[in-house]
Amino acid sequence: MSDQASDPGLRARQVDALTDEEAQAELAALAAEIAHHDERYHRLDAPEISDADYDSLVRRNRAIEARFPELVRDDSPSRRVGAETAEGFSKLRHGVPMLSLDNAFADADFLEFCASIRRFLRLEATETLAFMGEPKIDGLSINLTYEDGIFVRGATRGDGTEGEDVTRNLLTLADLPRQLTAPFPARIEIRGEVFMDKADFLQFRAQQERAAEERDERRARGEKVGPAVTIPANPRNAAAGSLRQLDPAITAQRPLKLFAYAMGDASEQPAETHEGWLQRLRDWGFTVNPVSELLADEEAALGFQKRMAEQRAGLSYDIDGVVYKLNRLDWQRRLGFVGRAPRWAIAWKFPAEQATTVLLGIDIQVGRTGALTPRAVMQPVSVGGVMVSHASLHNEDEIARKDVRIGDTVILQRAGDVIPQILGVVTEKRPEDAQPFAFPDRCPACGSHAVRPPGEVVKRCTGGLVCPAQTVERLIHFARRNAMDIEGLGAENVQKLFDEGLVKSPADIFRLARHADTMRSWEGWGARSKKDAKKVANLLAAIEARRSVPFERFIFALGIRRIGEANAKLLARHYHSFPAWRAKMLAATTIGSEAREELGSIQGIGPAIATELAEFFVEPRNLAALDDLAGEVTPQETVVVAAEGNPFAGKTVVFTGSLQTMSRDEAEAQAERLGAKVTKSVSKKTDFVIVGADAGSKATKAAELGLRVLTEAEWRGMAGLG
Ligand SMILES: [Zn+2]
């Protein structure tokens, strides 16, 4: 465990009650703990805590971050790419240090920069200073080394002196020349920026958000999941996270681009001016930012910054300023450096883009897995040259924390120049009748009730089978191999059938035969080519073959939250048939009912999952869709394979006290193998109570109820375990 041990008092504290300092301390402790458990889980494959305990750490971290977004750490588990660490890369030393630039923020700063060059070089007033102006791209700086024209290694900037060896990752970039076009110096370092386009970034971010949500769903269902999914905050994060992957195959899938712009160490001087140098880079096969421009004098240079500020929004990539480099390389050499900063270059940053506008309303959007996400609808306003009318409000807590009310004047900022966010409210401008926002209790897409489990920040629609926002995702799950296993009904075809209006619910799949002619008229479904002629017939046959399926697959296919394959199997074994299960689940919607207790006491289910299941059955539309489906599909009864005359088949069994000859887990598994239902609590429905050493209240209760009590030896004997 890390030295950043958590404070148990703090850990027990409600997120709502944390002060800023406490939240900061907790986030630090959680980051360290989760990193430790990730390492145990992913790299050592030896977890120390249960998935549920791990989940509660992650949930707490997420809840604190939702309440204190400004405290989100750079090493936050919600940002980290699984087991990726800087330690995974070896270090590379740069031939010449990678520089950082001084900054200008106004005309006066830039003019003083020019004046200092003139003083240093003792230039006449008539001498003009020509600069190369380049947009300053918000990406990741890298250093590329070429020997005899061959790319041999590449490193991140790191601390400027040494960076991480990302050679293999860089080799996946299409923009990186493996070999320079001759002539070239025997050895040269080339500097550039790896970045992601705005459009690619938005698409990638949406993809990551979806992956994170699906991962949460899978984890909630008790399935083993891979490392945490990072949701990048801006294109720079996305580029850095993508390049710094331990597996270059992942980098290869990311849409990264590269502009080259500077020189490091070189065996000979390849040009006399910076402009000439950029031309050499183009000749060798690099992409140089086409917006780069030679600026004849200081006045032209001032204009470049203003022009770029106007063009900024229209560029396909994000920039946060412009960079000026003195064009004459002989002057650059004479000017040299102060510390890490060259005297011959400067960055001119754009001011942060903010604006105020009026919040007209709050929309609730429903994600593909049922998450309700609030979105601000605002009077359109220009922020840094882009019209903005929407911004995510993330979740219920975020709205409450910022106390954002409809009618409020809000301060908007575009983070990383791309995604708008609401920084806060101008409370002096609040209308007198503005009310705190009431987060809806129903899904706006389908009207089903929405729930938010304790400790989670996301509220979810419970109408899994009926919600149009979730339909496609549910149908894909329904048909997948380990669920209903309908051959030929993958994501693409499900989407097509949904878009054409033929399939809206699982039951509709089984009524497709009547639309066979329509389907055959579609492009790629038999309309044109002979090759596709059998597609519809094959699909319909595959569907017919699934009119009867094992009960556990049927349950799993419903896609109920937290009911993965393992839990579906437990339910099927416990309730045996669909009608019995349906009846018990309806009864279990009443909290405290016998059926609810029974459900919660099934070994491996527990009260939290019982609640999720009950929520599904509480929603009448789910039940209607389920019954509709049951009219088309007959789940097979679960017959538990057991030896003839075995006394435990179909019986309800409780183990209590510690057993001497086997673990509790093994004993329960043995009992289940013999066809018994294993439950945790003793009731009058219990058939056998097997009592080990130190048996407590359960043994007493069994005696009171007059149940059949077995010793460990008796149990072994009757179970045929010798
Ligand atoms: Zn819904």
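Just so you know, these numbers come straight off a predicted model, no measurement behind them.

Criteria and thresholds
- Residues numbered from 1 in each chain as written.
- Predicted model: local features only at pLDDT ≥ 70, side-chain atom pairs only at ≥ 80, totals over all residues.
- Heavy atoms only, no water.
- Helix = DSSP H or I, 4+ residues; strand = E, 2+ residues; numbered from the N terminus.
- Expected span 1.5 Å × (residues − 1).
- Contact = heavy atoms within 4.5 Å.
- Buried < 20%, exposed > 50% of the residue type's maximum accessible area, 1.4 Å probe, protein only.
- Arc of directions from axis to C-beta.
- Pairing = 2+ DSSP bridges.
- Axes fitted to C-alpha atoms, helices over the stretch in contact; angles between N-to-C directions.
- Donors = N, O, S within 2.8 Å, 3.2 Å for Na, K, Ca; no water.
- Tetrahedral: all angles 85-135°; square planar, octahedral: opposite > 155°, others 65-115°.
- Salt bridge = Lys/Arg side-chain N within 4 Å of Asp/Glu carboxyl O.
- UniProt positions renumbered as here; feature names shortened; annotations may be inferred.
- Domains from an automatic or database assignment.
- Phe/Tyr/Trp six-rings, centres within 6.5 Å; stacked < 30°, edge-to-face > 60°.
- Lys NZ or Arg CZ within 6 Å of the ring centre and 35° of its normal.

1. With respect to helix α4 (residues 107–121)
No. 1: With 15 residues, α4 extends 21 Å between its outermost C-alpha atoms, agreeing within 8% with the 21 Å of an ideal straight helix rising 1.5 Å per residue.
No. 2: Considering only its buried residues, α4 is in contact with β2 (102–104), β3 (131–137), α10 (298–311), β10 (319–326), α11 (329–335) and β13 (345–349).
No. 3: One or two positions beyond α4, positive phi appears at Arg122, with a value near 50 degrees.

2. So, unusual backbone geometry
No. 1: Cis geometry is found at the peptide bond from Ala182 to Pro183, where omega equals 0 degrees.
No. 2: Within the secondary structure layout, Pro183 lies in the loop between α5 (167–170) and β7 (187–195).
No. 3: A positive phi angle, close to 50 degrees, is found at Arg122, a residue other than glycine.
No. 4: Locating Arg122 in the fold gives a position in the loop between α4 and β3.
No. 5: Located in the positive-phi region is Asp485, a residue other than glycine, with phi close to 55 degrees.
No. 6: With a relative accessible area of 19%, Asp485 lands in the buried category.

3. A closer look at helix α9 (residues 274–284)
No. 1: Of the positions making up α9, those classed as buried are His274, Trp277, Leu278, Leu281 and Trp284. All buried residues of α9 project into a common sector of 120 degrees when viewed along the axis, lining one side.
No. 2: Along its buried surface, α9 packs onto β3, β7, β8 (257–266), β10 and α11.
No. 3: Just beyond α9, the residue with positive phi is Gly285, at close to 115 degrees.

4. Quick notes on the sheet that holds β8
No. 1: Taking strand neighbours across the sheet as the criterion, the four strands line up as β5-β4-β7-β8 in an open arrangement whose pairing is antiparallel. At either margin of the open sheet sits one strand with a lone partner, and together these are β5 (150–156) and β8. The average angle at which neighbouring strand axes cross in this sheet is 30 degrees, direction not considered.
No. 2: For strand β4 (residues 140–147) and β5, the ladder comprises six bridges, and the chain directions are antiparallel. Its bridge partner being in β5, Glu147 is matched across the sheet by Ile150.
No. 3: Against the sheet, α9 engages β7 and β8, with an angle of about 120 degrees to β8.

5. Some details on the coordination of the zinc ion
No. 1: At this site the zinc ion is bound by Cys443 (SG), Cys446 (SG), Cys461 (SG) and Cys467 (SG), with donor distances of 2.2 to 2.4 Å.
No. 2: For the zinc ion, the four donor atoms are set out with angles of 98 to 116 degrees between them, so the coordination reads as tetrahedral.
No. 3: Binding-site remark: the zinc ion is held by donors from one chain whose sequence spacing is C-x2-C-x14-C-x5-C.
No. 4: Judged by its relative accessible area of 8%, Cys461 falls in the buried class.
No. 5: A relative accessible area of 0% means that Cys467 is categorised as buried.

6. Details of the pattern of salt bridges
No. 1: Summed over all chains, the structure comprises 46 salt bridges.
No. 2: A salt bridge links Arg210 to Glu473, with the nearest nitrogen and oxygen atoms 3.3 Å apart. Linking Arg210 in helix α6 (residues 198–220) with Glu473 in helix α13 (residues 468–479), this pair joins segments that are 263 residues apart in sequence.
No. 3: Exposure remark for Glu473: the relative accessible area of 15% places this residue in the buried category.
No. 4: Salt-bridge contacts for Asp508 lead to Arg511; the nearest nitrogen and oxygen are separated by 2.9 Å. For the pair formed by Asp508 and Arg511, the shared burial category is buried.
No. 5: Look at the salt bridges and you will find they share partners, linking Asp508, Arg511, Glu544, Arg547, Asp628 and Glu632 into a network.

7. Observations regarding the UniProt feature "binding site: Zn(2+)" (unreviewed entry) in the protein
No. 1: Under the present numbering, the feature "binding site: Zn(2+)" (unreviewed entry) in UniProt falls on Cys443, Cys446 and Cys467. Spanning 25 residues, the named residues nonetheless gather at one spot, since no C-alpha pair among them exceeds 8.3 Å.
No. 2: Along the chain, Cys443 falls in the loop between β18 (419–425) and β19 (450–451).
No. 3: Of the residues examined, Cys443 reaches a relative accessible area of 3% and is grouped as buried.
No. 4: With respect to the helices and strands, Cys467 occurs in the loop between β20 (459–461) and α13.

8. Brief notes about the sheet that holds strand β9 (residues 293–295)
No. 1: If you trace the five strands from one edge of the open sheet to the other, you get β2-β13-β10-β3-β9, paired in mixed fashion. Strand pairing shows two members of the sheet lacking a second neighbour, β2 and β9, which therefore form its edges. Between one strand axis and the next, the sheet turns through 35 degrees on average, direction left out of account.
No. 2: Here β3 runs beside β10; their pairing, made up of seven bridges, is antiparallel. Among the inter-strand pairings, Ile137 is bridged to a residue of β10, identified as Ile319.
No. 3: Sheet contacts for α4: β2, β3, β10 and β13; angle to β13, the most-contacted strand, approximately 175 degrees.

9. Here we look at the domain arrangement of the protein
No. 1: Domain boundaries assigned for the protein yield domain 1 (8–80), domain 2 (92–198 + 251–349), domain 3 (354–429), domain 4 (462–639) and domain 5 (652–718).
No. 2: Measuring from the centre of the C-alpha atoms in domain 2 to the corresponding centre in domain 3 gives 37 Å.

10. Quick notes on the pairing of β10
In summary, the side chains of a regular strand alternate between the two faces of the sheet.
No. 1: Burial analysis of β10 places eight of its eight residues in the buried class, which makes it a mostly covered element.
No. 2: Where β10 and β13 come together, five bridges link them in antiparallel fashion. Residue pairing in the sheet places Val323 in a bridge with Ala347 of β13.

11. Some remarks on the packing of aromatic side chains
No. 1: Considering all chains together, one arrives at 24 aromatic pairs under this definition.
No. 2: The interplanar angle of 20 degrees and the centroid separation of 5.8 Å between the aromatic rings of Phe110 and Trp348 together place this pair among those described as stacked. With a gap of 238 residues between them, Phe110 in helix α4 and Trp348 in strand β13 connect regions that are remote in the sequence.
No. 3: Given a relative accessible area of 3%, Trp348 falls into the buried group.
No. 4: Measuring from centroid to centroid gives 6.4 Å for Phe578 and Trp581, while their planes differ by 55 degrees, and the two rings are tilted. Here the residue Phe578 and the residue Trp581 both occupy positions in helix α20 (residues 578–588), the gap between them amounting to three residues, near one helical turn.
No. 5: Through a chain of ring-to-ring contacts, the aromatic side chains of Phe110, Phe113, Phe131, Phe304, Tyr324 and Trp348 assemble into a single cluster.
No. 6: Here the basic side chain of Arg328 rests over the ring of Trp331, its NZ or CZ set 3.9 Å away from the ring centre.
No. 7: One residue, Lys535, lies across the ring of Trp525, its end atom 4.3 Å from the ring centre.

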